[in-house]
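Residue-level structural notes
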Amino acid sequence: MKKFKENFISELKALNWQNFVMLLVAGCINAFGVTLFLAPVDLYDSGVSGTSMLLSQITPEYLSLSVFLIILNIPLFLYGLKKQGLAFTIYSIFAVAVYSVGAWLITDVLPIDVSMASPLAGQDLLLCALFGGLISGVGSGLTIRFGGAIDGIEVMAVMFAKKLNLTVGTFVMIYNIILYIVCGIILKSWILPLYSIVTYAAALKTVDFVVEGFDRSKSVMIITEKPEKVSQALIETFESGTTLINAKGGYSNADKTVIYFVVNRFQISKMRKVVHNADPRAYVTISEVADVFKAIK
């Protein structure tokens, strides 16, 4: 009990007001994308957000999108409290609350007509699907980047995907496929669900860009028998440090060194030339890095 209390207090102290500001922005962005592009033309977001949109269309008018966002999301976040932690849960509930209030303000308070068509894209389903997905993807990505989630299905994916022998991404994708099939059956039309898949794809890619960055770096692993020469050449050329790791060849049993180095995509060609000139026999692998930062206390 004492340890639980200490962890509880520690997580409360770890909450950052700057994160709340960014989550406020993220929730507003998500509300803007969904209510001004998707909901007016009966397109569907993914996850719990898409489920809420569907339920709001087939239930009495007082059960709006905003109501279902709260009813469906918050219990899921509370259910995942133990696994995800207090800070994540608080951030997520705050983001969903902002999203819900923002959706209510746009649809019921502000003088914006979203009853028949998108105020910005009319009834053009492709434009609505693309921009709705892009904008809601920015909101979802910002929420993830600043410590929370704006959709409870992501929490369920983390908790149950491994038990079902699935990846988190596969779990979410299966949920969304089932959602769009149900939408097609209820609507007795597959046009809107199919366009909703475009929305999902646009949002998914946008989330990746926001969370991981547009210009991803590349990590380079160089296996060489001339580590000093290769490392020095890289340092002088790129004015950046390297990391040397001792290794042993599995086949030759010879001592080798692995040099770990990070470059951007424009430096790959030059890096290859530098390594080849320093050690023509070096073995080089290149992998994509989602984000690069220096941890500072």
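From a predicted model like this one, the values you see are computed outputs, not experimental measurements.

1. Focus on a nonpolar patch on the surface
On the surface, I58, L164, L166, I174, I178, V182 and I186 cluster together to form a nonpolar patch covering roughly 560 Å² of accessible area. Among the elements that take part in the nonpolar patch, helix 9 (residues 168-187) stands out by supplying 4 residues, more than any other. As for its placement among the helices and strands, I178 is situated in helix 9. Judged by its relative accessible area of 48%, I178 is partly exposed.

2. Quick look at the pattern of salt bridges
Applying the stated criterion across every chain, the model contains 3 salt bridges. With its nearest N and O atoms 3.0 Å apart, the salt bridge here joins K256 to E225. Placement of K256 in strand 3 (residues 255-263) and of E225 in the loop between strand 1 (217-224) and helix 11 (227-238) is noted, with a sequence separation of 31 residues between them. The closest approach of N and O atoms between K248 and D255, which form a salt bridge, is 2.9 Å. Taking the relative accessible area as the measure of exposure, K248 reaches 51% and is therefore exposed. Owing to a relative accessible area of 60%, D255 belongs among the exposed residues under this scheme.

3. Topic: the pairing of strand 1
Of all 8 residues making up strand 1, 6 are buried, and the element is well covered by its neighbours. Pairing of strand 1 with strand 4 (residues 283-289) involves 7 bridges; the strand directions are antiparallel. Bridged to S219 within strand 4 is S287. Note that strand 1 and strand 3 share 7 bridges and pair antiparallel. Bridge assignment links M221 to a residue of strand 3, and that residue is Y260.

4. Examining the side chain of T51
Relative to the elements of secondary structure, T51 occurs in helix 3 (residues 47-58). A distance of 3.0 Å separates the side chain of T51 from the backbone oxygen of G47, its partner in a polar contact. Setting aside its immediate chain neighbours within four residues, T51 contacts L72, Y175 and L179.

5. Quick notes on the state of the cysteines
Covalent bonding between the sulfur atoms of two cysteines is what defines a disulfide. Taken as a whole and assessed by the stated rule, the structure comprises 0 disulfides. No disulfide involves C128; its sulfur sits 16 Å from that of C183, the nearest cysteine. Judged by its relative accessible area of 0%, C128 falls in the buried class.

Reading guide: rules and limits
Residues numbered from 1 in each chain as written. Predicted model: local features only at pLDDT ≥ 70, side-chain atom pairs only at ≥ 80, totals over all residues. Heavy atoms only, no water. Patch = residues over 30% accessible without salt bridge, like charges linked within 9 Å, V, L, I, M, F, W, Y side chains within 5 Å. Areas by Shrake-Rupley, 256 points an atom, 1.4 Å probe, with all protein chains shown as cover. Salt bridge = Lys/Arg side-chain N within 4 Å of Asp/Glu carboxyl O. Helix = DSSP H or I, 4+ residues; strand = E, 2+ residues; numbered from the N terminus. Buried < 20%, exposed > 50% of the residue type's maximum accessible area, 1.4 Å probe, protein only. Pairing = 2+ DSSP bridges. Polar contact = N/O pair within 3.5 Å; in protein donor to acceptor, adjacent residues only side chain to side chain. Contact = heavy atoms within 4.5 Å. Disulfide = S-S within 2.5 Å.

In short, shape yes, function no, at least from these values alone.
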